[in-house]
Structures are given as structure tokens and as C-alpha cells.
Amino acid sequence: MIDLKAFERDGFIIVRGPEVSRLKAGITSALAKRALAALEKEDSFQSSLPELRSRSFSEIVDHVVARETKNSVSGRLYRIFTATPEFIAAIADPAALAWVTALGLKSPVAGTMPILRIDRPRDEWHRTPAHQDWWFSLLSPNCVTVWFAIGPLTADMGLLEVVPGSHRAGLIQFQRHNNNNPFRPVKDWPDEDFRPVELADDGVIIFSQFLLHRSGFNQSNNTRMSVQLRYNDLATMQVVESSFTVKHSEHVLNEQTRLLAK
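Described in the following lines is the structure provided in the data block. Model, not experiment: these values are computed from the prediction.

Conventions used here
Residues numbered from 1 in each chain as written. Predicted model: local features only at pLDDT ≥ 70, side-chain atom pairs only at ≥ 80, totals over all residues. Heavy atoms only, no water. Phe/Tyr/Trp six-rings, centres within 6.5 Å; stacked < 30°, edge-to-face > 60°. Helix = DSSP H or I, 4+ residues; strand = E, 2+ residues; numbered from the N terminus. Lys NZ or Arg CZ within 6 Å of the ring centre and 35° of its normal. Buried < 20%, exposed > 50% of the residue type's maximum accessible area, 1.4 Å probe, protein only. Polar contact = N/O pair within 3.5 Å; in protein donor to acceptor, adjacent residues only side chain to side chain. Pairing = 2+ DSSP bridges. Contact = heavy atoms within 4.5 Å.

Considerations on the packing of aromatic side chains
And step 1. Here the structure, examined in full by the defined rule, presents 5 aromatic pairs.
And step 2. Relative to Phe 174, the ring of Trp 135 has its centre 4.7 Å away and its plane inclined at 25°; by these criteria the two rings are stacked. Taken as a pair, Trp 135 in the loop between β3 (115-119) and β4 (144-149) and Phe 174 in strand β6 (residues 174-176) lie far apart in primary sequence, 39 residues in all.
And step 3. On the numbers, 5.9 Å between centres and 40° between planes, the contact of Phe 136 with Phe 183 is tilted. Of this pair, Phe 136 sits in the loop between β3 and β4 while Phe 183 sits in strand β7 (residues 183-185); the two residues are 47 residues apart in sequence, bridging distant segments of the chain.
And step 4. An aromatic cluster is defined as three or more aromatic residues linked by ring pairs; in this entry it consists of Trp 135, Phe 136, Phe 174 and Phe 183.
And step 5. When the ring centre of Trp 189 is taken as origin, the NZ or CZ atom of Lys 187, which lies over that ring, is 4.4 Å away.

Laid out in C-alpha cells, this is it:
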């Protein structure tokens, strides 16, 4: 059930139910298979593969993160995860499209490909500061993000934090932050304005891309993983454009340069 009044008031709503569970289960099953297939090519994980085959997706990732150096293996897994067909197809999931359509998107199109966040334990560098997703879209005033965790999500793993009602301010002026998280607001928001969002296993949060939000800090010993599905609305775009472009990876570009005829 979509509570449109709550969405208009707060800038976000939480949706729960079996369709959420189905969506998440499909993604985690597909990613677990790809993780095991990739780890078959990693010599340092050969001895643990028999045990990992009976583990959940989150347990597989935790095992890798705890035993790697400088994200060397999980970084490669991440690139495979985001190229997994079932993961890419999540943007076209019937339930997700029904949710955003109920929120007023008449002609939803992908704002980005599905995004996977892997927040490793006590990783301050990759923590996202307060921001609006609108900064990375700039096309549809009614664009939205569907956000959900895959695997466990507890308070010590760092919950998504939002400022309820902040979407009504429209575009917040932003400035450069760093290369990893390029932007942050010019104005500092006090911590007490942010509300942590607790999601059950069968829950997703859908929010306006004008909503100010940030990542909580993962102070646990486990890896937090979350998915973002971002949607623009072709019906409200002032220009017919896309907010992302698919391009070749650095691997392909480097190999092209290496193999290019001299």
C-alpha cells in the first residue's frame, strides 16, 4: 500500500511485503552464485569454497572481506555483481515499477543502472556524507530512489539516515567534497535533524531524490550491503536526456591501448 500523503509530507515511505522479499531473494541468490564462481578463480580461497557453498550471500562476502588485503578480492567481486543480469534486471522489476508509478511517475526510466553499495566494517573513506540524489540526476523533479538492504541490517552496521521533510526545500546548494564522494551541502545540517531508518527484512524505503540523506557508519564486524534503484520520469523532463551513460570499463580501455597496432 502506497501512502501518497506520507510521501508528500516526509519525502519518503517504507513499503513492506512479500514482493519485497521476492525481489531481494532473487538478487541475493544470483549474486551468491556469481560470488562462488568468481572465488573458484582465487587461489587463496580454494580451501574455503566447500564451506562457502552452504553459506548465505552475506556470509560469503563477510568471509572474503575478513581475509583479503585492501579490498583486492571484494573489489573484483563488486564489479561482477553489478554486471550480473539478474541484478541489472532489478530496475525493471514489476513491483518496483508499480511502486514508483503509484508515486506519480507516469513514464519511469532508469536514472542509473542498479547501484550496489558494499560498506565494509569501520570504513570511513567510503562513507557517504549528507546529499541529495537529485545532484546526480538533474532531470525529473519527481524522480525517486528505491533503497533496500540485502542481507542483515542492524543499527551497529549503520542505518540510512534521512531528514524528514527536507525534500520540500528543493535543490540544496552543494560544493565539492572529495574524489570518492564528490559533493556535499554548503550548509551543515545538525546531527539531530537526521532520523535513522529501520527496515525489516521485507522492507524498502522509497524517497524523493530531493530528500537529504546520508550513510550511517558501519561500526560492526559485518559488511553492510544495499541496493539503490533510481528512476527519472520521462513525462516531467524538460529535456529528453538520460542521467547516466554506459561506457567501457577501465580494463577494456587498458587492453585496447595495449593491443592497439603500433
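Quick notes on the environment of His 177
And step 1. With respect to the helices and strands, the residue His 177 is situated in the loop between β6 and β7.
And step 2. Assessed through its relative accessible area of 37%, His 177 is described here as partly exposed.
And step 3. Only 3.3 Å separates the side chain of His 177 from the side chain of Arg 184, close enough to count as a polar contact.

Description of the sheet that holds strand β5 (residues 160-162)
And step 1. The sheet built from 3 strands is open, its strands ordered β8-β5-β10 with antiparallel pairing. On the outer flanks of this sheet lie β8 (195-196) and β10 (213-215), each paired with one strand and no other.
And step 2. With 2 bridges joining them, β5 and β8 adopt antiparallel strand pairing. Among the inter-strand pairings, Val 162 is bridged to a residue of β8, identified as Arg 195.

Considerations on the side chain of Thr 84
And step 1. Among the secondary structure elements, Thr 84 is positioned in the loop between α5 (74-81) and α6 (85-88).
And step 2. Here the side chain of Thr 84 touches Ile 80 through a polar contact of 3.0 Å, landing on its backbone oxygen.
And step 3. Beyond its immediate stretch of four places on either side in the chain, Thr 84 contacts Ala 30, Leu 31 and Arg 34.

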